[in-house]
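# Analysis of the macromolecular model
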Amino acid sequence: MSFFRHAFQIAAKDLRAELRTKEALNASLSFALVILLLFSFAFDPTAEQTREISGGLLWLVFAFAGALILNRSFARELTNDCLDALVASPVSGAALFTGKCLANMALLVAVELICLPVFGIFYNVRWVHRFWPLLLTLILGTWGITVVGTVFSALTVNLRLRELMLPTLVYPLLIPALMAAIQLTTGLLAGQPLAAELTNWLKLLIGFDIIFTALALGLVETVLMG
Amino acid sequence: MTAVSAAGVWKYYGDYPALKNISLTVAPGACLALLGRNGAGKTTLLRILAGLSQPSRGTVSIAGLAVRDARARRNIGILGHGIAVYEEFSAYENLRFFAGLYGLADPHRAALEWLERTGLDRVKDGLVREFSRGMRQRLAVARAFLHNPGVLLLDEPFTALDDRAIAVLQSLLAEARSQNRTVILSTHQLREALELATHVALIQRGALAYAGERTPIMLEDPGWLYRTYGEA
Amino acid sequence: MKDKLLYAACLLAAWLVLANLSVILLVLPDEAEQGAIYRIIFFHVPAAWSAFLGFLLAALASVAYLVKRNLWFDALAVSVTEVGLVFSIVNLITGMIWGRIIWGIWWTWDARLTSMLVCALLYAGYLMLRRAVEEPAQRAKFSAVFSIFAFIDVPIVWFSIQWWRTQHPQPVFRGGGSMDPAMYKMMFANWVPLLLLFAVLSAVRLRQERARSEIDALRREAHAL
């Protein structure tokens with residue numbers, strides 16, 4: 001189906017471009033690491049405190065670092081009016097959106113997977129034994145951030161104050177997803193099994209992802225077409 | 001069957017009409033020169049014909065299909081004000097990418113072929129970022145023609161082209177005409193455009209002041225059209 | 001004619017509020033636990049209901065705009081969103097006053113207050129978005145898309161924050177417990193004037209937005225000449 005072919009072509013193009021210049025990746029990664037280190041330095045949390053804030057700290061860092069990547073997503077198409085060439089091509093808005101989501105997802109998850117060991121080292125948190133459920137949380141939570149962030153990256157691409165508008169619009173929308181991801185991460189790192197309470201948060205996160213992916217796919221063509 | 005048709009197209013910005021009741025049909029193989037002062041609405045109309053912008057009222061069709069239909073879009077080549085190629089990629093990578101998007105059977109070969117036709121084969125692996133203005137323009141032309149579209153929509157294509165690029169574009173347009181492909185180009189360069197054109201349309205403040213065949217008098221005296229149909 | 005209707009609605013609303021106040025202050029007894037201040041609930045809760053009505057109408061108007069592309073729907077959407085936002089702020093402030101008096105603190109991450117704060121942030125974002133887009137049809141389109149996203153998010157926000165608070169209990173102003181039927185009736189009774197006020201404010205704002213649209217068009221036309 002041409003939808004998937006187009007989506008992969010767009011994703012590959014974005015990833016190749018990003019890996020060549022590494023602008024957004026470097027900005028995002030440095031920002032994330034600096035915040036993690038500064039926080040550890042400024043608050044010097046005890047083991048107990050760290051256990052309580054681990055999810056919140058990680059996901060706030062991921063959300064802020066993510067904004068840098070998401071901002072670039074459609075902004076990179078502005079130079080030379082490349083976005084016009086893409087919209088005029090047979091690629092559907094939904095395929096363009098999906099391709100960019102895949103690329104953004106890959107970049108953001110990469111940043112997160114680098115932050116996780118750094119976090120583990122500087123905060124003395126053991127996470128390797130919970131790697132697989134943590135990875136699941138990372139992927140589901142990041143997908144939520146990516147989907148909402150990418151559709152609004154398309155919406156804000158031509159606006160003044162784009163770098164301000166994107167976080168302002170996106171963060172409040174993401175609160176349920178961030179909350180679920182935070183609760184899951186804190187719980188998992190504290191040793192709770194992925195059962196009972198935590199599964200409710202997992203369901204919320206999955207539900208959020210499904211609802212907003214559907215909504216974004218439905219509305220993205222409207223956003224992109226003049 | 002008409003190649004491009006606009007029926008009752010209006011475009012509003014707020015309550016202000018930028019295009020008023022534009023109805024236009026272009027037969028296959030025709031070359032329409034879209035004339036008009038700056039701000040008349042040429043770019044707005046071209047963007048609507050290209051499917052980049054939605055008309056507030058009216059419809060646009062390309063070879064009988066709605067312009068947002070993927071089959072119609074496969075058949076359109078656009079050249080706008082921006083070159084629409086990626087700075088961080090090479091000339092070859094750019095063409096290869098767009099060839100893939102348009103679903104060409106052999107994107108690799110198509111990219112190489114068009115690099116050669118626009119005289120860029122020697123710099124095919126050079127990054128666009130390092131290209132001169134003329135080279136960029138030729139790459140943009142390659143991108144527009146790459147998928148052999150039946151309809152070409154060109155917004156002021158001769159502006160800012162160096163002589164080599166103009167020569168390339170003119171030969172490609174002549175070839176397109178001989179292959180019965182349709183061209184609509186907006187322009188200020190009256191002479192070059194009128195030489196190529198079979199038909200002419202004049203847009204005045206959003207409305208169609210004249211639309212018809214290009215007559216010999218227009219070629220002899222490019223300003224005639226503006227004087228006769230334009231505003232005082 | 002329209003003006004007279006609006007003035008009449010205002011007067012009616014004012015009269016109803018005064019009538020209700022006399023009942024609230026003089027007739028209804030103090031609540032068992034909370035003393036006199038609980039009476040603020042008769043404005044606090046209907047304000048929240050009005051806010052949500054605003055958000056719902058905005059979402060519906062947004063869908064209508066995207067389907068019909070008639071700017072009247074966009075004007076309606078921004079009007080009811082603004083008025084809804086005002087009511088949400090009223091809800092927050094009355095909530096904060098209540099909290100200050102009952103608990104001695106201005107703010108607590110109580111589920112309802114927190115959720116309403118997030119909704120207020122969402123719709124404040126909507127208004128910011130509108131300021132960032134010059135072209136009216138584009139502004140209408142983008143705000144409509146955001147309004148739909150925001151409205152779908154609202155129930156998810158409420159649910160998730162509620163769930164979060166059951167895991168980490170904090171001071172709660174009023175429990176979900178049952179209320180004296182007379183008080184319940186009064187909340188609805190006081191909602192009527194607030195709804196009237198909502199309608200009046202929205203109508204005025206709608207009229208202003210349409211006028212602005214017309215001026216905008218005239219200005220563009222004048223520039224083109």
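Here, the structure is the one placed above.
This section reports on the structure supplied with the text. This is a predicted model, so every value here is computed, not measured. (Residues numbered from 1 in each chain as written. Chains lettered and ligands numbered in written order. Predicted model: local features only at pLDDT ≥ 70, side-chain atom pairs only at ≥ 80, totals over all residues.)

This next bit is on the pairing of strand S9 (residues 199-204) of chain B. Residues and elements named next belong to chain B. Relative to S9, strand S3 (residues 31-35) runs parallel, the two sharing 4 bridges. Pairing of Leu-35 across the sheet is with Leu-202, part of S9. As paired strands, S9 and strand S10 (residues 207-213) are joined by 6 bridges and run antiparallel to one another. Note on S10: the bridge partner recorded for Leu-202 is Tyr-210. Where S9 folds back onto S10 in an antiparallel hairpin, the turn is made up of 2 residues, including Arg-205, whose phi is positive at roughly 45°. (Pairing = 2+ DSSP bridges. Helix = DSSP H or I, 4+ residues; strand = E, 2+ residues; numbered from the N terminus.)

Here we come to the interface of chain C and chain A. For an interface, size is often stated in terms of accessible area lost upon the parts coming together. Contacts between chain C and chain A engage 24 residues on the former and 22 residues on the latter. When residues of the side of chain C that touches chain A are assigned to their parent elements, the largest contribution, 15 residues, is made by helix H5 (residues 136-167) of chain C. For the side of chain C that touches chain A, the residue count by class is 19 nonpolar, 3 polar and 2 charged. (Contact = placed C-beta atoms within 7 Å. Nonpolar A, V, L, I, M, F, W, Y, C, P; charged D, E, K, R; others polar.)

Turning next to the interface of chain B and chain A. Across the contact, 27 residues belong to chain B and 21 residues belong to chain A. Taken together, the elements giving at least two residues each to the side of chain B that touches chain A come down to helix H2 (70-74), strand S6 (76-79) and helix H3 (91-101) of chain B. Residue composition of the side of chain B that touches chain A, by class: 13 nonpolar, 8 polar and 6 charged.

This next bit is on the environment of Arg-39 of chain C. Relative to the assigned elements, Arg-39 of chain C resides in the loop between helix H1 (2-27) and helix H2 (41-68). Arg-39 of chain C sits 180 residues away from Arg-219 of chain C along the chain, and the two C-alpha atoms are 50 Å apart.

Now for helix H5 (residues 93-122) of chain A. For H5 of chain A, spanning 30 residues, the distance from its first C-alpha to its last is 43 Å, which sits close to the expected 44 Å at 1.5 Å a residue. Remark: Asn-124 of chain A follows H5 of chain A within two positions and exhibits a positive phi of approximately 55°. (Expected span 1.5 Å × (residues − 1).)

Another aspect to go through is H2 of chain C. With 28 residues, H2 of chain C extends 40 Å from end C-alpha to end C-alpha; this agrees with the ideal 40 Å at 1.5 Å per step. Arg-69 of chain C sits one or two positions beyond H2 of chain C and adopts a positive phi of about 55°.

What follows covers the environment of Pro-136 of chain C. Looking at the secondary structure, you find Pro-136 of chain C in helix H5. Residue class for Pro-136 of chain C comes out buried when judged on the 21 C-beta atoms lying within 10 Å of it. (Buried ≥ 20, exposed ≤ 12 C-beta atoms within 10 Å, placed from the backbone.)

The subject of this paragraph is the sheet that holds strand S7 (residues 151-155) of chain B. Residues and elements named next belong to chain B. Taking strand neighbours across the sheet as the criterion, the 6 strands line up as S6-S7-S8-S3-S9-S10 in an open arrangement whose pairing is mixed. Two strands bound the open sheet, and with one partner strand each, they are S6 and S10. Direction aside, neighbouring strands of the sheet carry axes that sit 15° apart on average. (Axes fitted to C-alpha atoms, helices over the stretch in contact; angles between N-to-C directions.)

Another aspect to go through is the pairing of S7 of chain B. Residues and elements named next belong to chain B. Taken across its 5 residues, S7 has 5 buried, putting it largely inside the fold. Strand direction decides the pairing type here: S6 and S7, joined by 4 bridges, are parallel. Within the sheet, the bridge partner assigned to Leu-79 lies in S7 and is Leu-154. Both S7 and strand S8 (residues 182-186) contribute to a ladder of 5 bridges, which runs parallel. Along S8, the bridge assignment pairs Leu-154 with Leu-185. Regarding topology, helix H6 (residues 163-178) serves as the crossover connection from S7 to the parallel S8, and that connection is right-handed. (Right-handed = clockwise from strand over helix to strand, strands pointing away.)

Turning next to the packing of helix H3 (residues 47-75) of chain A against H5 of chain A. All names here are of chain A. Packing of H3 against H5 leaves a shortest axis separation of 10 Å and a crossing angle of 145°. Crossing of H3 against H5: the hand is right-handed. Taking contact as the criterion, the partners of Leu-58, Val-61, Phe-62, Ala-65, Gly-66, Ile-69, Leu-70 and Ser-73 in H3 are, on H5, Lys-100, Asn-104, Leu-107, Leu-108, Val-111, Glu-112, Cys-115 and Phe-119. When grouped by side-chain class, the residues that make up the contact of H3 with H5 number 11 nonpolar, 3 polar and 2 charged. (Left-handed = near helix turned anticlockwise from the far one by under 90°.)

Now for unusual backbone geometry. Residue and element names in this part refer to chain A. In this structure, Lys-22 is a non-glycine residue whose phi angle is positive, near 60°. Here Lys-22 shows up in the loop between helix H1 (2-21) and helix H2 (23-43). For Asn-80, which is not glycine, the phi dihedral falls at a positive 65°. Relative to the helices and strands, Asn-80 is located in the loop between H3 and helix H4 (82-88).

Judged by nonpolar contacts, the single largest core of 213 residues is most densely connected at Val-151 and Leu-174 of chain A together with Leu-49, Leu-95 and Leu-153 of chain B. Considering every element that reaches this core, the biggest residue donor is helix H7 (residues 162-189) of chain A, with 17 residues. (Core = buried A, V, L, I, M, F, W, Y, C linked by C-beta atoms within 7 Å.)

Okay, the sheet that holds strand S5 (residues 65-66) of chain B next. Strand pairing in a sheet relies on backbone hydrogen bonds, with the paired strands running either antiparallel or parallel. Residues and elements named next belong to chain B. If you trace the 4 strands from one edge of the open sheet to the other, you get S2-S1-S4-S5, paired in antiparallel fashion. The outermost strands of the open sheet, each flanked by one partner alone, are strand S2 (16-26) and S5. In this sheet, S5 lies alongside strand S4 (residues 57-62) in antiparallel orientation, the contact comprising 2 bridges. From the neighbouring strand, Ile-62 faces S5, where its bridge partner is Leu-65. Each of strand S1 (4-13), S2 and S4 touches helix H1 (residues 42-49); the most contacted strand, S1, lies at about 120° to it.

With that settled, consider the packing of helix H3 (residues 71-103) of chain C against helix H4 (residues 111-132) of chain C. Residue and element names in this part refer to chain C. Where H3 contacts H4, the two axes come as close as 9 Å, and the packing angle between them is 145°. Note that H3 runs across H4; the crossing there is left-handed. Touching Val-78, Thr-81, Glu-82, Gly-84, Leu-85, Ser-88, Ile-89, Asn-91, Leu-92 and Gly-95 of H3 are Leu-113, Met-116, Leu-117, Cys-119, Ala-120, Tyr-123, Ala-124, Tyr-126, Leu-127 and Arg-130, all from H4. Grouping the amino acids of the contact of H3 with H4 by side-chain chemistry returns 13 nonpolar, 5 polar and 2 charged.

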